[in-house]
Amino acid sequence: MAPIRRLPYGPLARAEAQMPLTTEEIALDHGFPGTRRSVTVHRFGPAAASADRPKAYIQAALHADEIPGLLVAQHILARLRAADAEGRVRGDIILVPYANPIGLSQAVLGTAIGRFALSNGVNFNRDFPDLAAPVADRVMDRLGQDAGTNVALVRQAAREAIAAWETATEADSLRKILLGLAIDADVVLDLHCDSEALLHAYTGTESWPDASDLVAELGCRAVFLALESGGNPFDESCSGLWWRLRNRLTTGRPGGAPPLPAACLAATIELRGRRDVDDAQAAADADALIRFLTRRGLLAGEVAAPPAPACQATPLAGVDRVRAPVAGVVLYTVALGDTVAVGQTVAEVVDPVTGIRHPARARTPGIVWARAEQRYTAAGAIITSIAGDRPLAEEGSGLLTAR
Ligand SMILES: [Zn+2]
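These numbers come from a predicted model, not from an experiment. Throughout this description, residue numbers start from 1 for each chain and increase along the sequence as written. In keeping with the predicted nature of the model, local features appear solely for residues at pLDDT of at least 70, side-chain atom pairs appear and are counted solely at 80 or more, and the whole-chain, interface and lining totals rest on all residues. Note: side-chain values were computed over all heavy atoms of the structure, leaving out hydrogens and water.

Asker: Would you take a moment to explain the overall build of the chain for this structure?
Answerer: Each helix is a run of H or I in the DSSP string that is no shorter than four residues. Each strand is a run of E no shorter than two, and both are numbered from the N terminus. What the chain contains, in helices and strands, is nine helices and 20 strands. Taking 403 residues into account, the globule formula puts the C-alpha radius of gyration at 22 Å, and the chain, at 21 Å, falls close to it. For the chain, the spread of C-alpha atoms along the three principal axes comes to 70 × 55 × 50 Å. Categorising residues by exposure relies on relative accessible area from a 1.4 Å probe, with only protein chains included: less than 20% of the type maximum marks a residue as buried, more than 50% marks it as exposed, and the intermediate range marks it as partly exposed. Going through the 403 residues of the chain one by one, you find that 53% of them count as buried. Pairs of residues are marked as contacts when any of their non-hydrogen atoms sit within 4.5 Å. Sequence-distant contacts in the chain: of pairs separated by 6 or more residues, those separated by 24 or more amount to 71%. Only the protein chains shown count as cover for residues, with accessible areas throughout obtained via the Shrake-Rupley method and a probe of 1.4 Å. Surface exposure of the chain reaches about 16,400 Å², of which carbon and sulfur atoms provide 54%. The globule rule is 2.2 Å times the number of residues to the power 0.38, and the radius of gyration it is compared with is taken over C-alpha atoms.

Pasting the structure below:
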């Protein structure tokens, strides 16, 4: 077991963390009397915000009832500890093995409720702040023609903007902690899972094809691209800052924006379905992520070229969310991984009053990558998702309904 140091959160912690590995507990604010929740943070590398080293941030189970990531995180932790003992950590790596202590405590009558805050129904992976405006205010007159200097200025401004965020709820306190740890990273990986699903990922349109080796290493069967998915999930708050900021700075500037790359590759990785909790599979997923981190210079070592991709990227707006035509019993007529045609029946919903079977049909051709695990559905609920390659919806229009 590695030594555990408990450090205050903030610049002091980073300055003091001149040791290969530290583990700290960061307390959430605004809890109920007599309760105290915290997140555990594992840091590898000497400083979390140094300019000349790549930084990666990984968290698991922001939706606290999505269990596969909790197990994968433990396998990653073991591999990082081994790499650290061998002196192979080359960048700064932060691992948050459980990102949502609020959700992890929401066990209700034998059922875990980890996606929404029971206090107000808000989805834990929504409503992260859009930092483009406060960061633009801070850097507007300071950016020059050197992209590297601009990136450093933006990261510093983003850290300041988050530090200035005065939260009022425990959930926002959690969002502030997580975003504060991740916002200046080159790579942000948010480990989730779906209901029943193939391994898939979400990332920014500007992060593609940069993220293609990540997707190929994992063997993702679908990857969805968007600039604005709507709802501002965690990954988009990190990566979207860069293109939102560039848009802001371009507007009203005759010469255009100063050079500002999309300096954060953020991805939400959906580790299959809720029941896909398997030790060997989790170890293989962790190995894939370690190979990716090695290729990106976070860890020393040789790594082979990634395997051929198992899918093509498609627009998030092209996802066909097939909804139940009536309430009733769901009988799927397609399996995960099936390729369907337009108009094909993907499920029948049996009305338990009349016995009539109502077909739910595909609106787009593509691969079936997710199904609802519940076999009883409400009318209008999403029961199947298909990866289409042509947009069916507008960017920014609540594309993450099922996420
Ligand atoms: Zn999730």
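Asker: Got a minute to help me understand the pairing of strand 2 (residues 38-44) in this structure?
Answerer: In regular strands, side chains alternate between the two faces of the sheet. Along strand 2, seven of the seven residues are buried, which leaves the element largely enclosed by surrounding structure. Burial along strand 2 is two-sided: Ser-38, Thr-40, His-42 and Phe-44 facing one way and Val-39, Val-41 and Arg-43 facing the other are all buried. Note that strand 2 and strand 4 (residues 92-96) share three bridges and pair antiparallel. Residue pairing across strands places Phe-44 opposite Ile-93, the latter belonging to strand 4. For two strands to be treated as a pair, DSSP must find at least two bridges joining them.

Asker: I keep staring at helix 9 (residues 279-295) and nothing clicks. Help me out?
Answerer: Residue pairs spaced three or four apart in an α-helix point in one direction, given the helix's 3.6 residues per turn. Helices are assigned an expected span. That span is 1.5 Å times one less than the residue count. The first and last C-alpha atoms of helix 9 sit 24 Å apart over 17 residues, in line with the 24 Å expected at 1.5 Å per residue. Those residues of helix 9 lying buried are Ala-282, Ala-283, Asp-285, Ala-286, Ala-288, Leu-289, Ile-290, Phe-292, Leu-293 and Thr-294. We define a polar contact as two N or O atoms separated by no more than 3.5 Å, with the added condition that, inside protein, one atom must be a possible hydrogen donor and the other a possible acceptor, whereas residues neighbouring each other in sequence contribute only through side-chain atom pairs. Two or three places before Ala-280, at the opening of helix 9, Asp-278 has a side-chain oxygen 3.1 Å from that residue's backbone nitrogen. Two residues or fewer past helix 9, Gly-297 is found with a positive phi of approximately 85°.

Asker: Any chance you could explain the packing of helix 5 (residues 147-163) against helix 8 (residues 234-250) here in plain terms?
Answerer: Packed helix pairs are characterised by how far apart their axes lie and by the angle those axes make with each other. One can describe the packing of helix 5 onto helix 8 by two numbers: an axis separation of 12 Å at closest approach and a directional angle of 110°. Put simply, helix 5 runs roughly perpendicular to helix 8. Handedness of the crossing formed by helix 5 with helix 8: right-handed. Residue-level inspection shows Val-151, Val-154, Arg-155 and Ala-158 of helix 5 in contact with helix 8, the latter providing Leu-241, Trp-242 and Leu-245. Grouping the amino acids of the contact of helix 5 with helix 8 by side-chain chemistry returns six nonpolar, no polar and one charged. To get an axis, fit a line to the C-alpha atoms, keeping to the stretch in contact for a helix; angles then go from 0 to 180 degrees between the N-to-C directions. For classification purposes, angles smaller than 35 degrees are called roughly parallel, those larger than 145 roughly antiparallel, those between 65 and 115 roughly perpendicular, and all remaining angles oblique. Two helices crossing with the near one rotated counterclockwise from the far one by less than a right angle form a left-handed crossing, whereas a clockwise rotation gives a right-handed crossing. For this classification, Asp, Glu, Lys and Arg are treated as charged, while Ala, Val, Leu, Ile, Met, Phe, Trp, Tyr, Cys and Pro are nonpolar and the rest, including Gly, are polar.

Asker: I keep staring at helix 2 (residues 68-85) and nothing clicks. Help me out?
Answerer: For helix 2, built from 18 residues, the straight-helix expectation of 26 Å at 1.5 Å per residue is met to within 8% by its first-to-last C-alpha distance of 26 Å. Of the residues making up helix 2, those classed as buried are Pro-68, Gly-69, Val-72, Ala-73, His-75, Ile-76, Leu-77, Leu-80, Ala-83 and Asp-84. Backbone geometry just downstream of helix 2 places Gly-87 in the positive-phi region, at approximately 70°.

Asker: Even after reading the chapter, I still don't get the packing of aromatic side chains, so can you show me in this structure?
Answerer: Put simply, two rings from Phe, Tyr or Trp (the six-membered ring, in Trp's case) pair if the centres are within 6.5 Å, and we call them stacked under 30 degrees between planes, edge-to-face over 60, tilted for the rest. Inspection of the entire model under this criterion finds four aromatic pairs. Ring geometry for Tyr-57 and Phe-234: centres 5.8 Å apart, planes at 45°, overall tilted. Of this pair, Tyr-57 sits in strand 3 (residues 55-60) while Phe-234 sits in helix 8; the two residues are 177 residues apart in sequence, bridging distant segments of the chain. For the residue pair Tyr-57 and Phe-234, the accessibility class agrees, reading buried in each case. Note on Phe-224 and Trp-369: the rings are 4.6 Å apart at their centroids and 45° apart in plane angle, and the pair reads as tilted.

Asker: Can you walk me through the sheet that holds strand 14 (residues 328-332) in this structure?
Answerer: Strands belonging to one sheet form pairs held by backbone hydrogen bonds; the direction of such a pair is parallel or antiparallel. With antiparallel pairing, four strands are arranged side by side in an open sheet as 17-16-14-19. Since the sheet does not close on itself, it has two edges, and those belong to strand 17 (357-361) and strand 19 (376-377), each with one partner. Relative to strand 17, strand 16 (residues 345-350) is paired through five bridges, and the arrangement is antiparallel. Bridge pairing links Val-350 to Arg-357 in strand 17.

Asker: Sorry, what's going on with the pattern of salt bridges here?
Answerer: When their charged atoms lie close together, side chains carrying opposite charge are able to pair. Whenever a carboxyl oxygen of Asp or Glu lies within 4 Å of a side-chain nitrogen of Lys or Arg, that contact is scored as a salt bridge. Taken as a whole and assessed by the stated rule, the structure comprises 29 salt bridges. Across the pair Arg-296 and Asp-213 runs a salt bridge whose closest N-O atoms are separated by 2.7 Å. A residue pair is termed long-range when its members are at least 10 positions apart, and Arg-296 in the loop between helix 9 and strand 12 (313-315) and Asp-213 in helix 7 (residues 212-218) qualify at 83 residues. On the basis of relative accessibility, which here comes to 24%, the residue Arg-296 falls in the partly exposed class. Assessed through its relative accessible area of 8%, Asp-213 is described here as buried. Connected via shared salt-bridge partners are Asp-210, Asp-213, Glu-217, Arg-291, Arg-295 and Arg-296.

Asker: What am I meant to see in the coordination of the zinc ion here?
Answerer: Six octahedral donors around a metal ideally subtend angles of 90 or 180 degrees, whereas four tetrahedral donors ideally subtend 109.5 degrees. Donor selection uses N, O and S atoms within 2.8 Å of the metal (3.2 Å for Na, K and Ca). Since no water is included, sites may look incomplete. Every protein donor of the zinc ion is listed here as His-63 (ND1), Glu-66 (OE), Glu-66 (OE) and His-192 (ND1), and their distances to the metal cover 2.0 to 2.5 Å. Here the donor residues for the zinc ion map to a single chain with the spacing H-x2-E-x125-H.

Asker: Please clarify how the domain arrangement of the chain should be interpreted in this entry.
Answerer: Quoted interface sizes are often the accessible area lost when the parts come together. Domain assignment breaks the chain into domain 1 (11-311) and domain 2 (315-387). Contacts between the two partners involve 15 residues from domain 1 and, on the opposite side, 16 residues from domain 2. Computed with a 1.4 Å rolling probe, the buried area is the accessible surface lost when two parts are put together, summed over both parts. When the area that domain 1 buries against domain 2 is broken down by residue, the three leading residues are Glu-196, Leu-198 and Phe-224, summing to 46%. Linking domain 1 to domain 2 there are four salt bridges. Counting the contacts that link domain 1 with domain 2 gives seven residue pairs in polar contact (both at pLDDT 80 or more). Elements supplying a minimum of two residues to the side of domain 1 that touches domain 2: strand 8 (196-197), strand 9 (200-204) and strand 10 (222-226). By convention here, the domain bounds are inherited from an automatic or database domain assignment.

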